Amino acid sequence: MEEKENLEQKKTCHCDESCECNQECTCEDCQCDSEECHDGDCGCSETPHKKDKKDKKDKHKEQIKELEEKIKELETKVLASQAEMINYRKRKDEEMSRMLKYANEDIVTELLQTIDNFERAIKMDDDNLEDEVSKFLQGFKMIYCNLVSVLEKYEVKAIDGVSKEFDPTYHQAVMTEHVDGMEPGMIIEVLQKGYLLKDKVIRPAMVKVSE
């Protein structure tokens, strides 16, 4: 009798014939009460449970895809930010190095005017080193030599001029003159010395150039 009742319960299942779970239906419109059926593996076709399961799975796949794309986008932004930070640090390091390299430029430029005045005074001396002028200028010469020595210590040096070819990078032509036997574009006279601080021109030399 009990076997007969179980048989009748099995026949009440509305799953298609491919469903082999043969369990009592527990949900509306024929959902078998078996683990296989709830996993969608029992062979039941197009049950509401299976359809919902498929919809959720597709939705999860879509969400995973969106998250993966978002991760890639964030990774790209992070890499771009890191590259920008590296370039910024490199620029700052170069700028700082340049500032330190030419840190004394302003002071040196001011001192050059004093050097010019000492040179003008020293030019007043003549060949007679025993006269009063020469004795007076002796102190000037000592101070001038000390100043030049200090400048050389900080890699300040005068730009070569006379008999050199004119170079606009280092020279500033303020006068021209025709000189027989001299090619055009040669420096005839340095009117004011130019100076380099290491490899930088801090004052070009003012020169007279042959034409």
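Structure: above.
All figures in this text were calculated on a predicted structure; none of them were measured in a lab.

Quick notes on the rules
- Numbers given to residues run from 1 along each chain, matching the order in which its sequence is written.
- Residues qualify for local features only when their pLDDT is at least 70, as the model is predicted, and side-chain atom pairs are given and counted only at 80 or more; totals for whole chains, interfaces and linings, by contrast, use all residues.
- Think of the side-chain values as coming from all heavy atoms in the structure, minus any hydrogens and water.
- The set of buried Ala, Val, Leu, Ile, Met, Phe, Trp, Tyr and Cys residues whose side-chain atoms join them within 4.5 Å is what this entry labels a nonpolar core.
- Exposure classes here rest on a 1.4 Å probe applied to the protein chains alone. A residue is buried below 20% of its type maximum, exposed above 50%, and partly exposed in between.
- Secondary structure elements follow DSSP: runs of H or I no shorter than four residues count as helices, runs of E no shorter than two count as strands, and numbering proceeds from the N terminus.
- Contacts: residue pairs with any heavy atoms within 4.5 Å of one another.
- Multiply 1.5 Å by the residue count of a helix minus one, and that product is the helix's expected span.
- When DSSP locates at least two bridges between a pair of strands, those strands are taken to pair.
- For every element, the axis is a line fit to its C-alpha atoms; helices are fit only across the contacting stretch, and the angle between N-to-C directions ranges from 0 to 180 degrees.
- An angle below 35 degrees is treated as roughly parallel, one above 145 as roughly antiparallel, one from 65 to 115 as roughly perpendicular, and anything else as oblique.
- We call a crossing left-handed when the near helix sits turned anticlockwise from the far one by less than a right angle, and right-handed when that turn is clockwise.
- Aromatic contacts are taken between Phe, Tyr and Trp rings whose centres are within 6.5 Å, Trp giving its six-membered ring; a plane angle under 30 degrees counts as stacked, one over 60 as edge-to-face, and the others as tilted.
- Whether a charge sits over a ring depends on NZ of Lys or CZ of Arg being within 6 Å of the ring centre and within 35 degrees of the ring normal.

Asker: Could you give me a rundown of the nonpolar core, with the residues and numbers involved?
Answerer: The biggest cluster of nonpolar side chains holds 11 residues, and these are Tyr 102, Val 108, Leu 112, Ile 115, Phe 118, Tyr 144, Leu 151, Val 156, Tyr 195, Leu 197 and Ile 202. For this core, the secondary structure elements donating two or more residues are α4 (105-122), α5 (132-153) and β6 (195-197). With four residues, α4 is the largest single contributor of residues to this core. Apart from residues lying up to four places away in sequence, Ile 202 is in contact with Glu 105, Val 108, Leu 112, Tyr 195 and Leu 197.

Asker: So what about α4? Which residues, and what values?
Answerer: The end-to-end C-alpha distance of α4 is 25 Å, a good match for the 26 Å that 18 residues give at a rise of 1.5 Å each. All of the buried residues in α4 are Glu 105, Val 108, Leu 112, Ile 115, Asp 116, Phe 118, Glu 119 and Ala 121. Of the surrounding elements, those touching the buried residues of α4 are α5, β3 (156-158), β5 (187-192), β6 and β7 (200-203).

Asker: Lay out the sheet that holds strand β4 (residues 171-177) in plain terms, naming residues and giving numbers.
Answerer: Paired through their backbone hydrogen bonds, the strands of a sheet run either parallel or antiparallel. Across the sheet, which stays open at both edges, the three strands sit in the order β4-β8-β5 with mixed pairing between neighbours. Both edges of this open sheet fall to β4 and β5, since each of them pairs with a single strand only. Adjacent strand axes in the sheet meet at a mean angle of 30° when their direction is disregarded. The pairing of β4 with strand β8 (residues 205-210) spans six bridges and is parallel. Across the sheet, Met 175 pairs through a bridge with Lys 208, a residue of β8.

Asker: Go over the sheet that holds β7, please, and point to the residues and values.
Answerer: If you trace the three strands from one edge of the open sheet to the other, you get β3-β6-β7, paired in antiparallel fashion. Two strands lie at the open edges of the sheet, namely β3 and β7, each paired on one side alone. Averaged over neighbouring strand pairs, the angle between their axes works out to 35° when direction is ignored. The pairing of β3 with β6 spans three bridges and is antiparallel. Its bridge partner being in β6, Val 156 is matched across the sheet by Leu 197. Its contacts with the sheet put α4 on β3, β6 and β7, and the angle it makes with β7 is roughly 50°.

Asker: Mind laying out the pairing of β7, listing which residues take part and the relevant values?
Answerer: In this sheet, β7 lies alongside β6 in antiparallel orientation, the contact comprising three bridges. The residue bridging Leu 197 from the neighbouring strand is Lys 200, located in β7. If you look at the hairpin formed by β6 and β7, you'll find two residues sitting between the two strands, and Lys 198 has a positive phi there, around 60°.

Asker: Go over the packing of α4 against α5, please, and point to the residues and values.
Answerer: For the pair α4 and α5, the least separation of the axes is 10 Å and the interaxial angle reads 150°. In terms of axis orientation, α4 runs roughly antiparallel to α5. Considering only the axes of α4 and α5, their crossing is left-handed. Contact residues: Val 108, Leu 111, Leu 112, Thr 114, Ile 115, Phe 118, Glu 119, Ala 121 and Ile 122 in α4; Leu 137, Phe 140, Lys 141, Ile 143, Tyr 144, Leu 147, Val 148 and Leu 151 in α5.

Asker: Explain the packing of aromatic side chains to me, using residue names and the numbers behind them.
Answerer: Under the defined criterion, the tally for this structure stands at two aromatic pairs. With centroids separated by 5.3 Å and ring planes inclined at 45°, the aromatic side chains of Phe 136 and Phe 140 adopt a geometry described as tilted. Of this pair, Phe 136 and Phe 140 both sit in helix α5, separated by four residues, roughly a single helical turn. By relative accessible area, which is 29% here, Phe 140 ends up partly exposed. Counting every residue linked through ring pairs, the aromatic cluster contains Phe 118, Phe 136 and Phe 140. The residue whose ring lies beneath Lys 200 is Tyr 102, and the NZ or CZ to ring-centre distance is 5.1 Å.

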